[in-house]
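# Coordinate inspection notes
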Amino acid sequence: MQEIIQTNSSRHHNNPLQVLKSYYQLTKPRIILLLLITTAAGMWLAAEGEVDPLLLLVTMVGGTLASGAANTINCLYDSDIDYIMERTRWRPIPSGRVKPRDAMIFAIALAIASFTLLTVFANLLAALLAMSGIVFYVAIYTHWLKRHSTQNIVIGGAAGAIPPLVGWAAVTGDLSWAAWLLFVIIFLWTPPHFWALAIMIRDEYQDVGVPMLPVIEGDELTAQQIWIYSLVLIPTSLLLVYPLHTSGWVYGAIALGLGAVFLQKAWELLQTPHNRDVARSLFKYSILYLMLLCAGMVVDSLPATHEMTMAVAHTWQTWMGVNS
Ligand code: HEM
Ligand SMILES: CC(C)=CCC/C(C)=C/CC/C(C)=C/COP(=O)(O)OP(=O)(O)O
């Protein structure tokens, strides 16, 4: 099989566009997009709605390069199991389109470029946080936990929660309570996000011996864990409004509405833990949820929203005054 794939892919080796596409795929670009959205949310909250466009650009590019490096090293490390799993067999390394050595050079180049860009144009803290994201994801998640613990993604998931810290640090040069709250929100979001997917593709993980929770403990217990994390996640997302007062009621309303749907889907899975369609629906919604929650934070932080809410409050007070 490997030989057939190698022969098929060797036809593409000299086509520069195909080569470019392979390196692009190594970075897992669709995941990076959501990581960047969380970074942007951190920046807007830190800058109270007014982000310097140049700093935004630099941080987005720096974050992309760092996440791309992390994902490339993960592709390298996991190429043995990626080759066996249907879903991942056509990734650039297992399919032979990129040599492991070239992928390593690519990842190191991305990491160095990220560190340099963030240090020079943002600050050292943002750069160090991005590098810690790579180290955590590669060493703690990919190397240490992924193949050895059912809690792999709970602890390893902390890497995916670092991007908003990078965004916050890029703006202020330090980290506040609100920054850490963003970290905790994504930390709590990760188990429902991933375990819903793991229920869907449990058999594939079983075949390659990765001890994902549904493989070892079954769908019921996994659905219970998803439910518990979701129950904690939704109130936690509201702490930005109270007691932190970092976001206002516009975000609060969005977080409540999005959270209600999240809980409904997690509840449905709790009732039917073996139903892969329900698991798929929760997995897909988890991505939409985090995107819209971050968009809600950004919209809420804008000066125009602030003016609008002040005007509404003023009208309300006047109206109450007239009627009392
Ligand atoms: C340990 C933590 C995590 C694990 C194990 C995990 C695992 C996965 C897996 C296996 C997929 C399917 C990917 C594929 O089909 O190639 C996926 C999809 C996705 N994940 Fe996660 N994830 C984690 C954390 C995150 C974080 C922190 C984010 C962003 C904030 C994220 C964003 C996404 C997105 C956007 C997709 C959909 C990609 C697509 O459309 O193909 N994930 N995740
Ligand atoms: C600040 C910074 C640079 C942070 C980087 C964090 C980062 C890249 C998080 C990604 C999390 C993720 C998609 C894990 C999936 O891995 P998997 O190996 O379980 O997925 P797979 O089964 O599809 O290979």
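Before going into details, it helps to say that this report is about the structure given with it. Treat the numbers as computed from the prediction; the structure is a model and nothing was measured. (Residues numbered from 1 in each chain as written. Chains lettered and ligands numbered in written order. Predicted model: local features only at pLDDT ≥ 70, side-chain atom pairs only at ≥ 80, totals over all residues. Heavy atoms only, no water.)

### Observations regarding the overall build of the protein chain
Applicable threshold: Helical segments are the DSSP runs of H or I of at least four residues, strand segments are the runs of E of at least two, and each set is numbered from the N terminus. Note on method: radius of gyration uses C-alpha positions; expected globular size equals 2.2 Å times residues raised to 0.38. All accessible areas in this document rest on Shrake-Rupley with a 1.4 Å probe, and a residue is counted as covered only by the protein chains that are shown. Lys and Arg are tallied as positive, Asp and Glu as negative. Neither His nor the chain termini are counted. In this description, the location of a charge corresponds to atom NZ of lysine, CZ of arginine, CG of aspartate or CD of glutamate.
Looking only at helices and strands, the protein chain features 15 helices and zero strands. What you see for the protein chain is a C-alpha radius of gyration of 22 Å, in line with the 20 Å of a compact globule of 324 residues. Each principal axis of the C-alpha distribution contributes one length, and for the protein chain these read about 85 × 50 × 30 Å. Of the accessible surface of the protein chain, which amounts to about 15700 Å², a share of 68% is contributed by carbon and sulfur atoms. Separation of charge centres in the protein chain, based on 17 positive and 20 negative side chains, amounts to 11 Å.

### Some details on the coordination of the iron atom of ligand 1
Four donors placed tetrahedrally around a metal ideally meet at 109.5 degrees, and six donors placed octahedrally ideally meet at 90 or 180 degrees. Heads up, the condition is: Coordination partners: N, O, S within 2.8 Å of the metal, 3.2 Å for Na, K and Ca; water not considered, so apparent gaps in a site are possible.
Among protein residues, the single donor to the iron atom of ligand 1 is H193 (NE2), with a metal-donor distance of 2.2 Å. Looking at the element boundaries, H193 is found in helix α10 (residues 177–200).

### Structural notes on the site of ligand 1
Test applied: Near, as used in this document, describes a residue that has one of its heavy atoms within 4 Å of the molecule or strand being considered. Throughout this description, a polar contact denotes any pair of N or O atoms lying within 3.5 Å of each other; where both atoms belong to protein, one of them has to be capable of donating a hydrogen while the other can accept it, and for residues adjacent in sequence the pair is counted only when both atoms sit in side chains. Ten residues, namely Ala, Val, Leu, Ile, Met, Phe, Trp, Tyr, Cys and Pro, are considered nonpolar, four, namely Asp, Glu, Lys and Arg, are considered charged, and the remaining ones, Gly among them, are considered polar.
By nearness alone, 19 residues border ligand 1, and R30, R87, R91, H193 and F194 come closest of all. The contact in question runs from an oxygen atom of ligand 1 to an N or O atom on the side chain of R30, over 2.9 Å. Elements represented by at least two residues in the shell around ligand 1 include exactly α3 (29–46), α10 and α14 (276–301). A total of five residues in the shell around ligand 1 trace back to one element, the largest contributor, which is α10. Here the shell around ligand 1 is composed, by residue class, of 12 nonpolar, four polar and three charged.

### Comments concerning the site of ligand 2
In the neighbourhood of ligand 2, 18 residues make up the surrounding shell, with R87, R91, Y137, Y141 and K146 lying closest. One nitrogen or oxygen atom from the side chain of K28 is found 3.1 Å from an oxygen atom belonging to ligand 2. Within the side chain of Y205, an N or O atom sits 3.5 Å from an oxygen atom of ligand 2. Of all elements in the fold, only α4 (53–77) and α7 (124–145) reach the threshold of two or more residues within the shell around ligand 2. No other element matches α4, which puts five residues into the shell around ligand 2. When grouped by side-chain class, the residues that make up the shell around ligand 2 number nine nonpolar, four polar and five charged.

### Topic: the side chain of T39
Rule in force here: Throughout, a residue-residue contact means that at least one pair of heavy atoms, one from each residue, lies within 4.5 Å.
Relative to the helices and strands, T39 resides in helix α3. Look past the residues within four positions of T39 in its chain and what remains in contact with it is T59, M60, P163, P164 and G167.

### Details of the pattern of salt bridges
Filter applied, for reference: The rule for a salt bridge is simple: a side-chain nitrogen of Lys or Arg has to be within 4 Å of a carboxyl oxygen of Asp or Glu. Burial classes: relative accessible area under 20% of the type maximum marks a residue as buried, over 50% as exposed, and values in between as partly exposed (1.4 Å probe, protein chains only).
This model, assessed by the stated rule, comprises nine salt bridges. Here D102 ties to R101 by a salt bridge, and the two come within 3.8 Å at their closest N and O atoms. Note that D203 is salt-bridged to R276, the shortest N-O span being 3.8 Å. Of this pair, D203 sits in helix α11 (residues 202–208) while R276 is found in helix α14, placing the two residues 73 residues apart along the sequence. Judged by relative accessible area, D203 falls into the partly exposed class, the value being 36%. Residue R276 is classed as partly exposed on the basis of its relative accessible area, which comes to 31%. The network of salt bridges with common partners includes D78, D80, K146 and R147.

### Concerning the packing of aromatic side chains
Let me state the cut-off plainly: Think of it this way: a Phe, Tyr or Trp ring, Trp meaning its six-membered ring, pairs with another when their centres are within 6.5 Å, and the plane angle makes it stacked under 30 degrees, edge-to-face over 60, tilted otherwise.
Tallied over the entire structure, the rule returns 11 aromatic pairs. Pairing W195 with Y229 gives two aromatic rings, centres 5.9 Å apart and planes at 70°, and the pair type is edge-to-face. Placement of W195 in helix α10 and of Y229 in helix α12 (residues 213–238) is noted, with a sequence separation of 34 residues between them. For Y229, a relative accessible area of 16% puts it in the buried group. Linked through ring pairs, W180, F183 and F187 together constitute an aromatic cluster.

### A few points about the environment of G160
For G160, the location among the structural elements is in the loop between α8 (152–156) and α9 (163–172). Here the alpha-carbon distance between G160 and L35, two residues 125 residues apart in the chain, equals 7.3 Å. Dropping the residues within four chain positions of it, G160 is found in contact with L35 and I186.

### Some points on the nonpolar core
Let me state the cut-off plainly: We call a set of buried residues a nonpolar core when its members are Ala, Val, Leu, Ile, Met, Phe, Trp, Tyr or Cys and they connect through side-chain atoms within 4.5 Å of each other.
Formed by 98 residues in total, the largest nonpolar core has its most connected members in I134, W195, L240, Y289 and M297. With 16 residues, α10 is the largest single contributor of residues to this core.

### A closer look at unusual backbone geometry
When glycine is set aside, most residues are seen to have a negative phi, and most peptide bonds are trans. P243 follows Y242 through a cis peptide bond whose omega is 10°. Along the polypeptide, P243 turns up in the loop between α12 and α13 (249–271). Its identity as a non-glycine residue notwithstanding, K28 has a phi of 50°, on the positive side. Assignment of secondary structure puts K28 in the loop between α2 (16–26) and α3. Unusually for a residue other than glycine, E48 sits at a positive phi of about 50°. The topology assignment puts E48 in the loop between α3 and α4. Residue classification places E48 among the exposed residues on the basis of a relative accessible area of 63%.

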